[in-house]
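These are the residues of each chain, in order.
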Amino acid sequence: SVKEDTYKYIFLDSSPDEVSQVQIEWLKKELNTELKILLFIHHPILDCRTILDRKFPLKNRDQLKEVLQSCSQEIMMFCGHYHMNDERNDGNIHQHITPAISYQVGKFEDRIELNTENFGYRIIEIDETSISTEVIMFSSDNY
């Protein structure tokens, strides 16, 4: 984690498709702050109701969601993994899934459909009073 004047940035490793119990215990302590929280993790924690969510979710996301929702602060979370743009809120958690620069996956498909025609990224602007984010998408047709 990193503390600045107004914000606390927390980074979690979900590379083994779960967040370790050691990290979860560490996270509980890190969430005890008066600072605004920005959380960065590869896997989404909130259910997106997509085919990828059914096949490749973070294994212990319910436990992690419970820990995050026990925090009194709002949590702005940025993640990827699903190769699509999605934003959703649940209680104090504001989740932003970022598209990939390699390929996108259809959000509302019954099977995994790869789209290599579009790619994108997310800009996150942070100042002392606010956080704003914007997704920039490109089409390979334009290149």
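Above this text sits the structure in question.
Predicted model only: the values in this text are computed from it and were never measured.

Thresholds applied
Residues numbered from 1 in each chain as written. Predicted model: local features only at pLDDT ≥ 70, side-chain atom pairs only at ≥ 80, totals over all residues. Heavy atoms only, no water. Helix = DSSP H or I, 4+ residues; strand = E, 2+ residues; numbered from the N terminus. Contact = heavy atoms within 4.5 Å. Buried < 20%, exposed > 50% of the residue type's maximum accessible area, 1.4 Å probe, protein only. Arc of directions from axis to C-beta. Patch = residues over 30% accessible without salt bridge, like charges linked within 9 Å, V, L, I, M, F, W, Y side chains within 5 Å. Areas by Shrake-Rupley, 256 points an atom, 1.4 Å probe, with all protein chains shown as cover. Salt bridge = Lys/Arg side-chain N within 4 Å of Asp/Glu carboxyl O. Pairing = 2+ DSSP bridges. Core = buried A, V, L, I, M, F, W, Y, C linked by side-chain atoms within 4.5 Å. Phe/Tyr/Trp six-rings, centres within 6.5 Å; stacked < 30°, edge-to-face > 60°.

1. Concerning the side chain of Arg61
Logical step 1: Relative to the helices and strands, Arg61 resides in helix H3 (residues 61–69).
Logical step 2: What Arg61 contacts, discounting residues up to four positions off in sequence, is Pro44, Ile45, Leu46, Asp47, Asp53 and Tyr82.

2. Side note on helix H1 (residues 21–30)
Logical step 1: Buried residues of H1: Gln23, Ile24, Leu27 and Glu30, and no others. Summarising the axial view, the buried residues of H1 lie within an arc of 115 degrees, below the 170-degree limit, and thus occupy one face. Set apart from the buried face of H1 by more than 90 degrees, the exposed residues are Val22 and Lys29.

3. Considerations on a nonpolar patch on the surface
Logical step 1: A grouping of Phe56, Ile112 and Leu114 is seen on the molecular surface, where their side chains present a nonpolar patch of about 280 Å² in accessible area.
Logical step 2: Note that Phe56 resides in the loop between helix H2 (51–55) and H3.

4. Some remarks on the pairing of strand S10 (residues 131–139)
Logical step 1: The pairing of strand S9 (residues 118–126) with S10 spans nine bridges and is antiparallel. Counterpart to Tyr121 in the pairing with S10 is Ile136.
Logical step 2: Counting the residues between successive antiparallel strands, the hairpin from S9 to S10 contains four residues.

5. A short note on the nonpolar core
Logical step 1: Grouped together as the largest cluster of nonpolar side chains are 27 residues, with contacts concentrated most on Leu27, Leu31, Leu39, Ile41, Ile45, Leu64 and Leu68.
Logical step 2: Broken down by secondary-structure element, the contributors of at least two residues to this core are H1, strand S3 (36–40), H2, H3, strand S4 (75–79) and strand S6 (93–97).
Logical step 3: In this structure, Tyr7, Tyr9, Leu38 and Met76 belong to the second largest nonpolar core, which totals five residues.

6. Structural notes on the packing of aromatic side chains
Logical step 1: Counted by the stated rule, this structure contains five aromatic pairs.
Logical step 2: Here Phe119 and Phe138 contribute two aromatic rings whose centre-to-centre distance is 5.4 Å and whose plane-to-plane angle is 20 degrees, an arrangement assigned as stacked. Linking Phe119 in strand S9 with Phe138 in strand S10, this pair joins segments that are 19 residues apart in sequence.
Logical step 3: Of the residues examined, Phe119 reaches a relative accessible area of 23% and is grouped as partly exposed.
Logical step 4: A relative accessible area of 27% places Phe138 in the partly exposed class.
Logical step 5: Feature note: the residues Phe11, Phe40 and Phe78 constitute an aromatic cluster, connected by ring pairs.

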